[in-house]
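Close look at the chain arrangement
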Amino acid sequence: MPIKNQTTIEQIILGLTADFRRYPDKYLTESDVKCALVNRLMRSTEYGSLQNTEYGSKSIPVHSEVRWYGASGRLKWRSDIVILDVSDLRVKDGILKLPSKGFGFNYPKAIIEIKLRRPNGESDNVFRVKIEKDISKLAEIRSEVTGNYFCALVAFDKKGSIENIETNEKVKLFYTNSKQNA
C-alpha cells in the first residue's frame, strides 16, 4: 500500500534528479543537494505551510539533521531530512525527557538520506558501501520506528555510474549520475 503523499515526495525528488542531470555543477556538496530538496519541499503547499502542533504552537513538517534515539536513550542515527506529522510535534519544556534538541514526535511521514559523489570522489566500491550503509540505516530505523512512512535515499553521482547496488524493499533508492540524459 503506498504511503500517503509518497507520490508528491517522489515527484519532488524526481524533479531534483532531473535538475541534477541537467545542471550538475549547481550541486557542489551534499548540503547543496539537501538545501535544494528542502527548498523544493518547502515550496509545496503541504510541506511548506505552518501547521498546528499538539500543544498549540506552530511549525512546519520539513526538518533536517533529526536525531533518533534508541530505547537506551543514546543517539543511534541522524537523518538528513525528515518530514513529520506536525500535529504530533512536542516542543514545550517539561514535556520531553529525551536527550534531544528539545523536541519529539511519534509519526514521521518520510525520512530521506542524501549522498553526493564528486568527480574526484571515492572509488565505486567505497561509494557503493556508503549508499548501502545508508540503506541499511533507513531499514533499521524502519524496524524500530513504527508507522507507515516513506524512506528514500537520494544518491547523486558526478564521477560515473554504479551498477547492482544492494537495495531494500523498505527503502526507495533514487540513484542518478550526471552523465545520464536529462
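Moving on to the overall build of the chain. When you go through the chain residue by residue, the secondary structure sums to 4 helices and 7 strands. By residue count, 46% of the 182 residues in the chain fall in the buried class. Across the chain, the fraction of contacts at a sequence separation of at least 24, relative to all contacts at a separation of at least 6, is 60%. Carbon and sulfur atoms form 48% of the exposed surface of the chain, whose accessible area is close to 9700 Å².

Moving on, we come to the packing of aromatic side chains. Scanning the entire structure with this criterion turns up 3 aromatic pairs. Both rings, one in Phe20 and one in Tyr27, keep their centres 6.0 Å apart while their planes meet at 55°; by these two values the pair is tilted. For Phe20, a relative accessible area of 0% gives the class buried. Residue classification places Tyr27 among the buried positions, given a relative accessible area of 2%. Ring centres 6.2 Å apart and planes at 70° place the aromatic pair Tyr27 and Phe156 in the edge-to-face group. Here the residue Tyr27 occupies a position in the loop between helix 1 (6-22) and helix 2 (30-43), and Phe156 occupies one in strand 6 (residues 150-157), the gap between them amounting to 129 residues. Here a set of aromatic residues connected by ring pairs shows up, and it is made of Phe20, Tyr27 and Phe156. The aromatic ring of Tyr149 is capped on one face by Arg142, whose charged end is 4.6 Å from the ring centroid.

Moving on to the nonpolar core. In this structure, Ile9, Ile13, Leu37, Leu41 and Ile112 are the most contacted members of the largest nonpolar core, which totals 23 residues. Every element with two or more residues in this core is listed here: helix 1, helix 2, strand 4 (75-84), strand 5 (108-117) and strand 6. Sort the elements by how many residues they give to this core and helix 1 lands first, with 5 residues. The residues contacting Ile112, other than those within four sequence positions of it, are Ile9, Ile13, Leu37, Asp80, Ile81, Ala152 and Val154. Residues Val66, Ile141, Val145 and Ala155 belong to the second largest nonpolar core, which totals 21 residues.

Here we take up the pairing of strand 5. A large share of strand 5 lies buried, amounting to 9 of its 10 residues. At this point the chain moves from strand 5, through helix 4 (residues 124-144), to the parallel strand 6, and the crossover so formed is right-handed.

Applying the stated criterion across every chain yields a total of 10 salt bridges. Across the pair Glu10 and Lys172 runs a salt bridge whose closest N-O atoms are separated by 3.0 Å. With Glu10 in helix 1 and Lys172 in strand 7 (residues 172-177), this residue pair connects regions lying 162 residues apart in the sequence. Residue Glu65 is joined to Lys34 by a salt bridge in which the shortest nitrogen-to-oxygen separation is 2.4 Å. Here Glu65 is found in strand 3 (residues 62-69), whereas its partner Lys34 is found in helix 2, with 31 residues between them in sequence. On the accessibility criterion, Glu65 (25% relative accessible area) is partly exposed. What emerges from the salt-bridge pattern is a single network uniting Lys34, Glu65 and Arg78.

Bringing helix 2 into the picture now. Taking 1.5 Å per residue, 14 residues should reach 20 Å; helix 2 reaches 20 Å between its end C-alpha atoms and fits that length. Taken together, the buried positions of helix 2 are occupied by Val33, Lys34, Ala36, Leu37 and Leu41. The buried residues of helix 2 all sit within an arc of 165° when viewed along its axis, so they share a single face. Projecting away from the buried face of helix 2 at angles above 90 degrees are the exposed residues Cys35 and Arg43.

On to the side chain of Ser59. Counting through the fold element by element, Ser59 comes out in strand 2 (residues 58-59). Those residues in contact with Ser59 that lie beyond four places of it in its chain are Ser49, Leu50, Gln51, Thr53, Val86 and Leu89.

Attention now goes to unusual backbone geometry. For residues besides glycine, phi is generally negative; the peptide bonds are generally trans as well. Phi is positive for Asn164, close to 55°, though the residue is something other than glycine. For Asn164, the location among the structural elements is in the loop between strand 6 and strand 7.

What counts, and where the lines are drawn
- Residues numbered from 1 in each chain as written.
- Predicted model: local features only at pLDDT ≥ 70, side-chain atom pairs only at ≥ 80, totals over all residues.
- Heavy atoms only, no water.
- Helix = DSSP H or I, 4+ residues; strand = E, 2+ residues; numbered from the N terminus.
- Buried < 20%, exposed > 50% of the residue type's maximum accessible area, 1.4 Å probe, protein only.
- Contact = heavy atoms within 4.5 Å.
- Areas by Shrake-Rupley, 256 points an atom, 1.4 Å probe, with all protein chains shown as cover.
- Phe/Tyr/Trp six-rings, centres within 6.5 Å; stacked < 30°, edge-to-face > 60°.
- Lys NZ or Arg CZ within 6 Å of the ring centre and 35° of its normal.
- Core = buried A, V, L, I, M, F, W, Y, C linked by side-chain atoms within 4.5 Å.
- Right-handed = clockwise from strand over helix to strand, strands pointing away.
- Salt bridge = Lys/Arg side-chain N within 4 Å of Asp/Glu carboxyl O.
- Expected span 1.5 Å × (residues − 1).
- Arc of directions from axis to C-beta.

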